[in-house]
Amino acid sequence: MIEASAKLKYILLVDVLLLILCIAGITNINQKANLPFEISGQDSLNSIIITQNNPYHLSAVDNLISINGFKISNEENAEFITDTKNIGDLILIKVTGISGERTLSVKLTKYYTGFYIFITSIIALLFFVIAFFVLIKKSESKAAHIFHWACVGTALIMCTTWANQNTYPAILNYTLRTIFHFVYAFIPALFINFAFIFPRDKEKRWQTFINFNYVVACLLAILSAITFINSSIHLDNQSIQNYLLTFTFIRIYAAVAVISAIIIFFTTYLKEKGEVERKKLKWLLLGFVIGPLSFIVFWVLPQEFIRTEILPEEIIILLQLAVPVTFAIAIVKYHLLDIDEVLNRSIVYGIALSILLILYSAAIGIFVSSFDVSDQSIISTTAAVFLALLFQPIKTKVQQFVDKKFFRVRYNFRRVLNRFTEQIKNYNDINSLGKYLIREIDNLIPVDKIAFSEFDNQTGKLFIRSQKNFDLIANKILRIKPDTLKKKWFQVASIKNKVESDTDISTISQNTLLRWKITLVVPIKSVKEELYGFIIIGNKKSGSKFSIEDVDLLKDIGINAGSTIERIKLQEQLIRKKIEAEKLEEVNEQKSMFVSTVSHDLKTPLTSIKIFSEMLLENEKNLSDKSKNHLEIIEGETDRLTRLINNVLDFSKIEKGVKDYSFREIYFNNIVKDVIDMMQYTLKMKGFKLEIKLGEFNDLICGDADAITEAIENIISNAIRFSTDKKEITVSSYYKDSFVYIDVKDHGIGIDKSDIENIFDPFFRTGNAKIKKIEGTGLGLSIVKHIVEQHKGKILIQSSPGLGSTFTLCFPVLSNNK
């Protein structure tokens, strides 16, 4: 790939250099001088054709004998002599006629018009552009390379043709004319070579003949270049005649070579069986007929035999543009236009319009003859204008009729695809989209039957959603094997002989397609290659094969439809998610309301149980040890259950954003002592040893006493639940850097580093907790975090798996009363 790119860069550099030479050549031919009258060959002399403004009183019976002493035998002889002069120079001519021989001094005029120079420049540039475009598109093709050099050479012929020999120094003038001779001789040889490698490569069998052509071209070019330089240096009659003779040989060789190439192409076309190759050859033959053949017939041969051209040189140059255009189409994209329609329409339109013109002329004659007046010019003009106004719409109707009845006018690919892309944006359900696909495709490419199927990725089944005349599969459920879908080449599947031969299709499942009478299967895929369904198509109503344009259009329709289905499914998914979210939010609200209601309802009996257990414990003297123990258990479990209910209620308030705190000045150490007293029963029941290390400080903080109490209770409760064999807990309080701290240290299971940042999430349970089946709601730490953050405090964790954890809560102080 890199080598090919580098090669293209070198070719582009050569093209640029040759383009510079073309510009120099254009400047040169712009200075070409000409006789102030026209001449044409007649036997050994030349008849002078009088121009409209002739200041020299020459008549059509005068013959030109010599120019500046050089004998003139034909117009090319005269052109060679005038090329050695400049525009405006005075030359001596000798003429003979009725009044005898005369010698006149005439002033040379400009040979080419400004229009000719402009046309030549534009056409030459187009040759360069088309040449390089084809080379880029088909850089791997040898035919493209030969075509490229043939185009560039043709541009050089137009720009470096016979011109003023005084514009540039002699060496540059010789260089330009030598290049002209070489390309003039080599382009016919290139045509011969091209004929043997396109559309199929037959070069090896004809290599000797091809090489022989190149040798002949080279010898003729060298001979012409040498004789030209010799004639320019010596400038005598004999050397000029020698050059003109050798250049005539090149012309004859060019005519023979081009005609031979056309014969080779035509013979190949007659023998070729492939439809694609035949279409390519038709494009080439059309280009040959319009371009080189017209050049030979209307320019080269007339100059050799009747000594004058039939068509103006500007027209000949314009006709040559057909060659690169038709050849480029054949090489790069022969199916850009249907060559058969191009040729057939030209014939049919010509016949139809000729009939219309005859009727038009007859109508004018009848209309005029119906008026009996002497001066019918006004009547004729009026009739012509009136009927012309009618002729245009009639001509349009005839063209539409011809298109419909004879050619079945094809769609404009880009316009159709743009319209389709715009239309499918309006569809929001798959069934309506499927019906639109069937209707639109059937209008563009009339088929005998068509269906739209949806693919289920989970089951691998195809369900026919809508169809037209496809009753055979209307109620069928088709299945596609998973390994078939994985194959990258599964794009468009078709019966082999139902599409053009070089169309990029898959030929899988031929028996299945034949069994169900399916001609074409087009996948509906998103740009991410996700399959959503298929467009299933029968035969064309016209009986013709599906063309490359048909398949390309259907592929693009499939991709656009796939993107639309992807959008529809995404919209449906978003709608479902929205509905689910709304339902979830509603359920969540109902849950929160239920939990709040139940929690409040539970607190009332718990309060009663708490009060009565305390009352019974106050009458301690009348209680047995066993009864006292039972009452203490009831009181302790009541406290534990109250804490759980408070957690649920607090979390519900936090979740709704309605949790309020009552801030006031409180003594932090007093809160810690109260919590420890409340937790004594639980610690005792669980068999824990509690070590207390309270600091000697009496600092005030601004906080909610109940909330801070709840936070410390949750930390100690967690330490109890997550401890295993070593049931020891240390509670410490201290003052540091304007903050009061409480540490709760346990020797439990610890926390993994990966879990530490998640443990404050509601309902989160560590892996170790799940393994140990430790009970809990998973709300405690999230409530603790909320309480601490609302008090402008911090919560710190130090933990090692299997060694225990230390939770630290810190709150800012209001005063320092140590």
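Before reading on, note that the structure itself is shown above.
Since this is a predicted model, take the numbers as computed values, not measurements.

Residue placement: Ala189 occurs in helix 5 (residues 170-195). Sequence separation of Ala189 and Ile210 is 21 residues, and the distance between their C-alpha atoms is 7.5 Å. Not counting residues up to four positions away in its chain, the partners in contact with Ala189 are Asn213, Tyr214, Ala217 and Tyr253.

Attention now goes to the pattern of salt bridges. Taken as a whole and judged by the stated rule, the model has 11 salt bridges. Between Lys32 and Glu79 there is a salt bridge, with the nearest N and O atoms lying 2.8 Å from each other. With Lys32 in the loop between helix 1 (2-30) and strand 1 (33-34) and Glu79 in helix 2 (residues 75-83), the pair connects residues that are 47 residues apart, well separated along the chain. Residue class for Lys32 comes out buried when judged on its relative accessible area of 0%. With its nearest N and O atoms 3.3 Å apart, the salt bridge here joins Lys425 to Glu422. Through salt bridges that share partners, Lys32, Glu79 and Asp83 make up one connected network.

On the surface, Tyr10, Leu12, Leu13, Val16, Leu17 and Ile20 cluster together into a nonpolar patch covering about 600 Å² of accessible area. Looking at the secondary structure, you find Leu12 in helix 1.

For the rest of this paragraph, the subject is the sheet that holds strand 16 (residues 689-694). Taken together, five strands build an open sheet; the order of strands is 16-18-19-21-20 and the sheet is mixed. Two strands close off the open sheet at either side, each with one partner strand: strand 16 and strand 20 (794-800). Adjacent strand axes in the sheet meet at a mean angle of 10°, parallel and antiparallel pairs treated alike. Sitting on the sheet, helix 20 (residues 668-686) is in contact with strand 16, strand 18 (728-736), strand 19 (739-746) and strand 21 (804-812), with an inclination near 175° to strand 16. Where helix 24 (residues 780-790) meets the sheet, its contacts fall on strand 20 and strand 21, and the angle it forms with strand 21 comes to roughly 25°.

With that out of the way, let us pick up the state of the cysteines. For the structure shown, the criterion picks out zero disulfides. No disulfide involves Cys22; its sulfur sits 4.0 Å from that of Cys159, the nearest cysteine.

To continue, consider the packing of aromatic side chains. Under the definition given, this model contains 24 aromatic pairs. On the basis of an interplanar angle of 50° and a centroid distance of 5.8 Å, the ring pair of Phe80 and Tyr243 is categorised as tilted. Taken together, the positions of Phe80 in helix 2 and Tyr243 in helix 7 (residues 237-271) put the pair 163 residues apart, joining distant regions of the chain. Judged by relative accessible area, which is 0%, Phe80 ranks as buried. The structure contains a cluster of three or more aromatic residues connected by ring pairs, namely Phe80, Trp162, Tyr174, Phe180, Tyr184, Phe228, Tyr243 and Phe247. In this structure, Lys32 is placed above the aromatic ring of Tyr111, and the distance from its NZ or CZ to the ring centre is 4.7 Å.

Our next topic: the environment of Phe688. Looking at the element boundaries, Phe688 is found in the loop between helix 20 and strand 16. Residue classification places Phe688 among the buried positions, given a relative accessible area of 12%. The contact partners of Phe688, leaving out residues within four places of it in the chain, are Leu683, Ala719, Ile720, Ser723, Lys727, Glu728 and Ile729.

The next thing to look at is the sheet that holds strand 14 (residues 531-537). The six strands lie next to each other as 11-10-9-14-13-12, forming an open sheet whose pairing is antiparallel. Here the strands that pair on one side only, and so sit at the sheet edges, are strand 11 (477-479) and strand 12 (493-494). Here two bridges tie strand 12 to strand 13 (residues 520-525), and the two strands are oriented antiparallel to one another. The residue bridging Ala493 from the neighbouring strand is Val521, located in strand 13. On the sheet, helix 15 (residues 430-444) packs against strand 9 (450-456), strand 10 (461-468), strand 13 and strand 14 and is oriented at approximately 145° with respect to strand 9.

So, on to the nonpolar core. Leu35, Leu64, Ile67, Ile93, Phe147 and Phe194 are the most contacted members of the largest nonpolar core, which has 90 residues in total. If one sorts the elements of this core by residue count, helix 7 sits on top with 14 residues. Residue contacts for Leu35: discarding those within four places in its chain leaves Leu64, Ile67, Ala78, Thr82, Ile91, Leu108 and Thr109. In this structure, Ile708, Ala719, Val731 and Val744 belong to the second largest nonpolar core, which totals 40 residues.

Two numbers describe how helix 4 (residues 142-159) lies on helix 5: the axes approach to 9 Å, and their chain directions differ by 150°. The pairing of helix 4 with helix 5 is recorded here as roughly antiparallel in orientation. At the point where helix 4 passes helix 5, the crossing takes the left-handed sense. For the pair helix 4 and helix 5, the contacting residues are Ala143, Ile146, Phe147, Trp149, Ala150, Gly153, Thr154, Leu156 and Ile157 in the first and Ile179, Phe180, Val183, Tyr184, Ile187, Leu190, Asn193 and Phe194 in the second. For the contact of helix 4 with helix 5, the per-class residue count stands at 14 nonpolar, three polar and no charged.

Further remarks concern helix 21 (residues 705-721). Taking 1.5 Å of rise per residue, the 17 residues of helix 21 would be expected to cover 24 Å, and the 24 Å separating its terminal C-alpha atoms lies within 8% of that figure. With 15 of its 17 residues buried, helix 21 lies for the most part within the structure.

Reading the values: the criteria
- Residues numbered from 1 in each chain as written.
- Predicted model: local features only at pLDDT ≥ 70, side-chain atom pairs only at ≥ 80, totals over all residues.
- Heavy atoms only, no water.
- Helix = DSSP H or I, 4+ residues; strand = E, 2+ residues; numbered from the N terminus.
- Contact = heavy atoms within 4.5 Å.
- Salt bridge = Lys/Arg side-chain N within 4 Å of Asp/Glu carboxyl O.
- Buried < 20%, exposed > 50% of the residue type's maximum accessible area, 1.4 Å probe, protein only.
- Patch = residues over 30% accessible without salt bridge, like charges linked within 9 Å, V, L, I, M, F, W, Y side chains within 5 Å.
- Areas by Shrake-Rupley, 256 points an atom, 1.4 Å probe, with all protein chains shown as cover.
- Pairing = 2+ DSSP bridges.
- Axes fitted to C-alpha atoms, helices over the stretch in contact; angles between N-to-C directions.
- Disulfide = S-S within 2.5 Å.
- Phe/Tyr/Trp six-rings, centres within 6.5 Å; stacked < 30°, edge-to-face > 60°.
- Lys NZ or Arg CZ within 6 Å of the ring centre and 35° of its normal.
- Core = buried A, V, L, I, M, F, W, Y, C linked by side-chain atoms within 4.5 Å.
- Parallel < 35°, antiparallel > 145°, perpendicular 65-115°, else oblique.
- Left-handed = near helix turned anticlockwise from the far one by under 90°.
- Nonpolar A, V, L, I, M, F, W, Y, C, P; charged D, E, K, R; others polar.
- Expected span 1.5 Å × (residues − 1).

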